[in-house]
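Chains, contacts and geometry: an overview
Spelled out from the first residue to the last, the chains are:
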Amino acid sequence: MSEFTGECFCAEIQYAVRGPLGPARSCHCSRCRKAFSGAGSAYLPVDPETFSWTQGADGLRRFESQHGAGIGFCGRCGSTLCGLYQGQVVGVTLGTLNGDPPVEIADHIFVGSKAAWDHIGGTAPQFDAAPGEPVKRET
Ligand SMILES: [Zn+2]
Ligand SMILES: [Zn+2]
């Protein structure tokens, strides 16, 4: 079984995820732009059972909504490392994975509210809103 590692910008916080890695997703909504400080999220859902902190977990800061969903980020450098649900890690940010892990963004969601400067490339399907609703554009 393969294991993948990740870390924040300053490398104080490090983690490992057991593979295989599932499909990743990018959400282009205005909330994700703020939460991930970019064009949107680039996010890999993971089973909490397959995830572990390997260094610096004490330095993780959490921002969680009243519904229990949130993000975890490095208190020193600010990198967003993971998605949280009810205190558990349920996903990691693609940008913090080390090396060149075998993972693809399988779909782009909330493309209907993307930033005007965001020009999405690649061939993954794009959805105006949530998946299952009409595809905005096939490339
Ligand atoms: Zn850091
Ligand atoms: Zn979003």
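In the block above lies the structure referred to throughout.
With that out of the way, let us pick up the overall build of the chain. On a plain count of helices and strands, the chain comes out with one helix and twelve strands. Taken from the N to the C terminus, the helices and strands of the chain come in the order β-β-β-α-β-β-β-β-β-β-β-β-β. By the compact-globule yardstick of 14 Å for 139 residues, the chain fits well, its C-alpha radius of gyration being 15 Å. The dimensions of the chain, computed from C-alpha atoms along their principal axes, are 40 × 35 × 25 Å. For the chain, with 139 residues in total, the buried portion stands at 32%.

So, about the pairing of strand β3 (residues 24–27). Residues of β3 alternate between two faces, with Ala-24 and Ser-26 on one and Arg-25 and Cys-27 on the opposite face, all of them buried. Where β3 and strand β10 (residues 105–109) come together, four bridges link them in parallel fashion. Following the sheet pairing, Ala-24 is matched in β10 by Ile-105.

For the rest of this paragraph, the subject is unusual backbone geometry. Look at the link from Gly-19 to Pro-20: it is a cis peptide, with omega at 0°. You can see Pro-20 is positioned in the loop between β2 (14–18) and β3. Although it is not a glycine, Gln-86 sits at a positive phi angle of roughly 50°. When you line up the elements, Gln-86 lands in the loop between β8 (80–85) and β9 (88–93).

Let us look at the sheet that holds strand β5 (residues 51–55). Read from one edge to the other, the open sheet built from three strands follows the order β1-β2-β5, with strand pairing classed as antiparallel. In the strand order of this sheet, the two ends are held by β1 (3–7) and β5, each with one partner. Within this sheet the neighbouring strands show an average axis-to-axis angle of 30°, counted without direction.

Along the chain, Phe-51 falls in strand β5. Accessibility expressed as a C-beta count within 10 Å gives 18 for Phe-51, which makes it partly exposed. Between the C-alpha atom of Phe-51 and that of Gly-83, which follows or precedes it by 32 residues, the distance is 12 Å. Not counting the four nearest positions on each side in its chain, Phe-51 is found in contact with Tyr-15, Val-17, Val-46 and Val-89.

The nonpolar side chains of a soluble globular protein tend to be buried with one another. If you look at the biggest cluster of nonpolar residues, it comprises 28 residues, and the most contacted ones within it are Leu-44, Leu-81, Cys-82 and Val-92. Only β2, β3, α1 (30–36), β4 (43–45), β7 (69–74), β8 and β9 provide two or more residues apiece to this core. Not counting residues up to four positions away in its chain, the partners in contact with Cys-82 are Ile-71, Gly-72, Val-89, Gly-91, Val-92 and Thr-93.

Reading guide: rules and limits
Residues numbered from 1 in each chain as written. Chains lettered and ligands numbered in written order. Predicted model: local features only at pLDDT ≥ 70, side-chain atom pairs only at ≥ 80, totals over all residues. Helix = DSSP H or I, 4+ residues; strand = E, 2+ residues; numbered from the N terminus. Rg over C-alpha atoms; globule rule 2.2 N^0.38 Å. Buried ≥ 20, exposed ≤ 12 C-beta atoms within 10 Å, placed from the backbone. Pairing = 2+ DSSP bridges. Axes fitted to C-alpha atoms, helices over the stretch in contact; angles between N-to-C directions. Contact = placed C-beta atoms within 7 Å. Core = buried A, V, L, I, M, F, W, Y, C linked by C-beta atoms within 7 Å.

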